[in-house]
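Each chain is listed here by its residues.
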Amino acid sequence: MNHDLKAAVLARCRSMEIPLVGVASTDRWENPPFEPWMPEEFYPQSIFPEARSVIVIGLPVHLPVLRTAPSIYYHELYRTINTLLDQYTYRLASFLNDRGYPSVFIPRDGYGGIDVLLKNPVAFFSHRHAAFLAGLGTFGVNNALITPEYGPRVRFGSILTAAPLPPDPLREEGLCTRCMECVTACPAGALDGRDYPEGLTDKAACARNSADLARRHISPCGICIQVCPVGEDRRHYGGEDSRHRRAREHVQKYGGL
């Protein structure tokens, strides 16, 4: 295991102001932590055969913006985070390539667009499972990965690398409080209240709702991650009051059709 290289990667992430970083060894995909698990073609080594480690980075979704969702404000934040994830993971893969370790980035989305999701609501690689295996969080009833720092209000990106990096430990204690706020608030009725993976998101219902929002230029929805009470970011930003409601009402008047 290359501890010095991992330290260099972590330092590089700090220089890019990436707050969440975790590492998983590729053999973790071959020893599923729960069932049902994904088919083998979704494993990192099936996508990049040289892969021995997966580096996962996470960028937060700022809660005050998310509180306006669905809105043009959250729509633009989502696009910005996605762009940064692609840029950062590409740069980190290049950083490792320059040091002699074949590496590739995985784009933050692997499905093309909402029209494609309506037909086949699956991406070619799961960043949230990679983040789970890299010890960054645990799954919630909303099927999202919940982190201590930001709850589920995080977007993830991944780097597949031939470098043998020391993996981070998995989180053993679940972070979901089972408050069912996400189940109640979901406008598509896509959550059934069971713990993941027994309870799975109705992806078709979620995709149809997203398609409607996309036609109005205010996708994605974001409600299930907005209402989750877990995360230190809630303490940072505080609760909502009449001023926040007025701000949300103002923002929601713009950008949609």
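Procedures and definitions
Residues numbered from 1 in each chain as written. Predicted model: local features only at pLDDT ≥ 70, side-chain atom pairs only at ≥ 80, totals over all residues. Heavy atoms only, no water. Salt bridge = Lys/Arg side-chain N within 4 Å of Asp/Glu carboxyl O. Helix = DSSP H or I, 4+ residues; strand = E, 2+ residues; numbered from the N terminus. Buried < 20%, exposed > 50% of the residue type's maximum accessible area, 1.4 Å probe, protein only. Contact = heavy atoms within 4.5 Å. Core = buried A, V, L, I, M, F, W, Y, C linked by side-chain atoms within 4.5 Å. Pairing = 2+ DSSP bridges. Axes fitted to C-alpha atoms, helices over the stretch in contact; angles between N-to-C directions. 1 Å grid on protein atoms, 1.4 Å probe; cavity = no way out; pocket = protein on both sides within 12 Å on 5 of 7 lines; lining within 4 Å. Points joined across faces, edges and corners; volume = space filled by probe spheres on them. Nonpolar A, V, L, I, M, F, W, Y, C, P; charged D, E, K, R; others polar.

**Let's talk about the pattern of salt bridges**
Summed over all chains, the structure comprises 13 salt bridges. Here Asp 109 ties to Arg 155 by a salt bridge, and the two come within 3.2 Å at their closest N and O atoms. In this pair, Asp 109 sits in the loop between β3 (103-106) and α6 (114-119) while Arg 155 sits in strand β6 (residues 154-161), placing the two residues 46 residues apart along the sequence. A residue is classified by how much of its surface remains accessible, and Asp 109, at 21% relative accessible area, is partly exposed.

**Structural notes on the environment of Val 61**
Along the chain, the position of Val 61 falls in the loop between β2 (53-60) and α4 (63-66). Val 61 sits in the buried class, given a relative accessible area of 2%. Separated by 37 residues in the primary sequence, Val 61 and Ala 24 place their C-alpha atoms 23 Å from one another. Residues in contact with Val 61, not counting those within four places in the same chain, are Leu 66, Tyr 74, Leu 77, Ile 81, Arg 153, Val 154 and Arg 155.

**Re unusual backbone geometry**
A cis amide bond links Ala 69 with the next residue in sequence, Pro 70, at an omega value of -5°. Topologically, Pro 70 is positioned in the loop between α4 and α5 (72-98). You will see that His 217, though not glycine, has its phi angle at about 65°, which is positive. Mapped onto the elements of the fold, His 217 is located in the loop between α9 (203-215) and α10 (223-226).

**Describing the nonpolar core**
Counting residues in hydrophobic clusters, the biggest one holds 28 residues, and the most contacted among them are Ile 18, Ile 55, Ile 57, Tyr 74, Leu 92 and Leu 96. Ranked by residue count, the leading element in this core is α5, at 10 residues. For Ile 18, the residues in contact, after removing those within four places along its chain, are Cys 13, Ile 57, Gly 58, Leu 59, Tyr 88 and Leu 92. Core analysis: the next-biggest nonpolar cluster, separate from the first, contains 26 residues, Phe 132, Leu 136, Val 154 and Tyr 196 among them.

**Things to note about the sheet that holds strand β1 (residues 20-25)**
Picture the strands of a sheet paired through backbone hydrogen bonds; they go either parallel or antiparallel. In space, the 4 strands of this open sheet follow the order β1-β2-β6-β3, with antiparallel pairing throughout. Looking at strand neighbours, the two that pair on one side only are β1 and β3, the edges of this open sheet. Recorded for the sheet is a direction-independent mean angle of 20° between the axes of neighbouring strands. By the bridge criterion, 6 bridges tie β1 to β2 in an arrangement that is antiparallel. By the bridge assignment, Gly 22 is partnered in β2 with Val 56.

**A look at empty space enclosed by the protein**
On inspection of all chains with the given rule, the structure shows 1 cavity of 30 Å³ or more. As for the largest cavity, its lining consists of Val 141, Asn 142, Ile 146, Cys 176, Thr 177, Arg 178, Cys 179, Met 180, Cys 182, Cys 228, Pro 229 and Val 230. Partitioned by chemical class, the residues of the lining of the largest cavity number 9 nonpolar, 2 polar and 1 charged.

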